[in-house]
Amino acid sequence: MFNSKFGSIPKFYVRAPGRVNIIGEHIDYCGYSVLPMAVEQDVLIAVEPVKTYALQLANTNPLYPDFSTSANNIQIDKTKPLWHNYFLCGLKGIQEHFGLSNLTGMNCLVDGNIPPSSGLSSSSALVCCAGLVTLTVLGRNLSKAKLIEFSPLRATDVKLPSGAVFVIANSCVEMNKAATSHFNIRVMECRLAAKLLAKYKSLQWDKVLRLEEVQAKLGISLEEMLLVTEDALHPEPYNPEEICRCLGISLEELRTQILSPNTQDVLIFKLYQRAKHVYSEAARVLQFKKICEEAPENMVQLLGELMNQSHMSCRDMYECSCPELDQLVDICRKFGAQGSRLTGAGWGGCTVSIVPADKLPSFLANVHKAYYQRSDGSLAPEKQSLFATKPGGGALVFLEA
């Protein structure tokens, strides 16, 4: 296909995996750790550097149209989540990091088997792939130490149980993060909850942005933060006027100094529920890691219970599930999953389940029959919708021999 598109052959290939978040949902932007796993599904790009400045992108999937531009005039339209913009983000990130003005052109053909808009980070894999493509074309390296300094990340390996597999099931409900207000409202509710908790504990609340900052400043455990949340916030939704009274500010100050443009017209904020989810979910991540390290005999059961609690919290406290995800989680548990939960942003996308290895064949057959085999044929083909996965490898560059 590369030859038919560009009349030549690729010089190298780059792949980057998708990833599934096993536990730790909607807590990263609140300052807490999550537990993702690279999956075997990936994005693959075939590349040929060219002597002109032309950047030509094509996709093996006909749903994604070809795109071409000048490598030295990268314009990203932030208002449209078009597939090629993710490639351009990766390219531009490397360009800006190294302070490069002149980039060489290239022909790129993109392929992938990560289901899009499913919470498996297909867009992140494409950005990562594009960055690696750009580095390789330029003959540059980005060391891990540099990468960590570039963004203050800290990664710790967690050994997952050997007697179980993780199964991903796609609800076939797509949720477009770029086009929805749900996510933006949740981010703001967490920020407002952090400010009200900080004010309640006589901290400098106007400087606080994330729920983790409140815990860090108080120097107490997550369990104690849950008790503070019980004391400081009420389960009934807050309106903007009540938030202003609690913080001692005017509505105008709330709108212009705290609320984002896309949350200025929101009438109710569920601060108690969002804070409860974040602190309890952050605690579950730490418990999950501890169980993996200690490896008790009933490890799979214990991890499954934490995943089940996570889904309940996402559904009831963070309200980021949907009926199809809840149904799929119930089906997975019914047919042998020790634990099952939504993964990714929610409001559609995928579930991840922990399944004892010896139950895998019957589990896959039963879930396929119960959820995907519908008489009306309204759901997507099951091939990319239901699959077991082991921890996958990281991003790679394959050079032509």
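The paragraphs below set out a description of the structure included in this document. (Residues numbered from 1 in each chain as written. Predicted model: local features only at pLDDT ≥ 70, side-chain atom pairs only at ≥ 80, totals over all residues. Heavy atoms only, no water.)

**Description of the packing of aromatic side chains**
With the rule as written, the count across this model stands at 5 aromatic pairs. Judged by centre distance (6.2 Å) and plane angle (80°), the rings of Tyr32 and Tyr279 are edge-to-face. Residue Tyr32 is found in the loop between β1 (12–23) and β2 (35–50), and its partner Tyr279 is found in helix α10 (residues 271–294); the two are separated by 247 residues along the sequence. Take Tyr32: its relative accessible area is 12%, and that puts it in the buried class. The side chain of Arg186 reaches across the aromatic face of Tyr318, ending 6.0 Å from its centre. Across the ring face of Tyr318, the terminal group of Arg274 is positioned such that the distance to the ring centre comes to 6.0 Å. (Phe/Tyr/Trp six-rings, centres within 6.5 Å; stacked < 30°, edge-to-face > 60°. Helix = DSSP H or I, 4+ residues; strand = E, 2+ residues; numbered from the N terminus. Buried < 20%, exposed > 50% of the residue type's maximum accessible area, 1.4 Å probe, protein only. Lys NZ or Arg CZ within 6 Å of the ring centre and 35° of its normal.)

**Here we look at the pattern of salt bridges**
For the coordinates displayed, the defined rule picks out 16 salt bridges. Its salt-bridge partner being Glu230, residue Lys276 comes within 2.5 Å of it at the nearest N-O pair. Taken as a pair, Lys276 in helix α10 and Glu230 in helix α7 (residues 222–232) lie far apart in primary sequence, 46 residues in all. The closest approach of N and O atoms between Glu281 and Arg341, which form a salt bridge, is 3.8 Å. With Glu281 in helix α10 and Arg341 in strand β7 (residues 339–343), this pair connects stretches of sequence that are 60 residues apart. With respect to burial, Glu281 and Arg341 carry one shared label: buried. A single salt-bridge network, built from bridges that share partners, covers Arg186, Glu189, Lys270, Arg274 and Glu319. (Salt bridge = Lys/Arg side-chain N within 4 Å of Asp/Glu carboxyl O.)

**Things to note about unusual backbone geometry**
With a phi angle near 60°, Ser121 is a residue other than glycine that sits in the positive phi range. Inspection of the secondary structure puts Ser121 in the loop between β5 (105–112) and α3 (122–138). Positive phi outside glycine occurs at Ala295, with the angle close to 45°. With respect to the secondary-structure elements, Ala295 resides in the loop between α10 and α11 (299–316). According to the relative accessible area criterion, Ala295 is partly exposed, its value standing at 45%.

**Section: the nonpolar core**
One recurring pattern in soluble globular proteins: nonpolar side chains tend to sit buried together. Within the largest apolar cluster, 99 residues are counted, with the highest numbers of intra-cluster contacts made by Ile45, Phe87, Leu211, Tyr279 and Phe288. In terms of residues, this core owes the most to one element, α10, which gives 11 residues. In terms of nonpolar packing, the next biggest core, distinct from the first, is built from 14 residues, Leu328, Phe363, Val367 and Leu386 among them. (Core = buried A, V, L, I, M, F, W, Y, C linked by side-chain atoms within 4.5 Å.)

**Notes on helix α12 (residues 323–334)**
Over its 12 residues, α12 runs 16 Å from end to end, which matches the ideal 16 Å to within 8%, given 1.5 Å per residue. On the buried face of α12, the contacting elements are β6 (164–170), α11, β7, β8 (350–356) and α13 (360–372). Looking one or two places after α12, you find Gly336, whose phi comes out positive at around 120°. (Expected span 1.5 Å × (residues − 1). Contact = heavy atoms within 4.5 Å.)

**So, the sheet that holds strand β9 (residues 386–389)**
On the basis of which strands lie adjacent, the open sheet formed by 4 strands has the order β7-β8-β6-β9 and antiparallel pairing. Each edge of the open sheet carries a strand with a single partner, namely β7 and β9. In this sheet, neighbouring strand axes are inclined to one another by 25° on average, regardless of whether the strands run parallel or antiparallel. With 5 bridges joining them, β7 and β8 adopt antiparallel strand pairing. (Pairing = 2+ DSSP bridges. Axes fitted to C-alpha atoms, helices over the stretch in contact; angles between N-to-C directions.)

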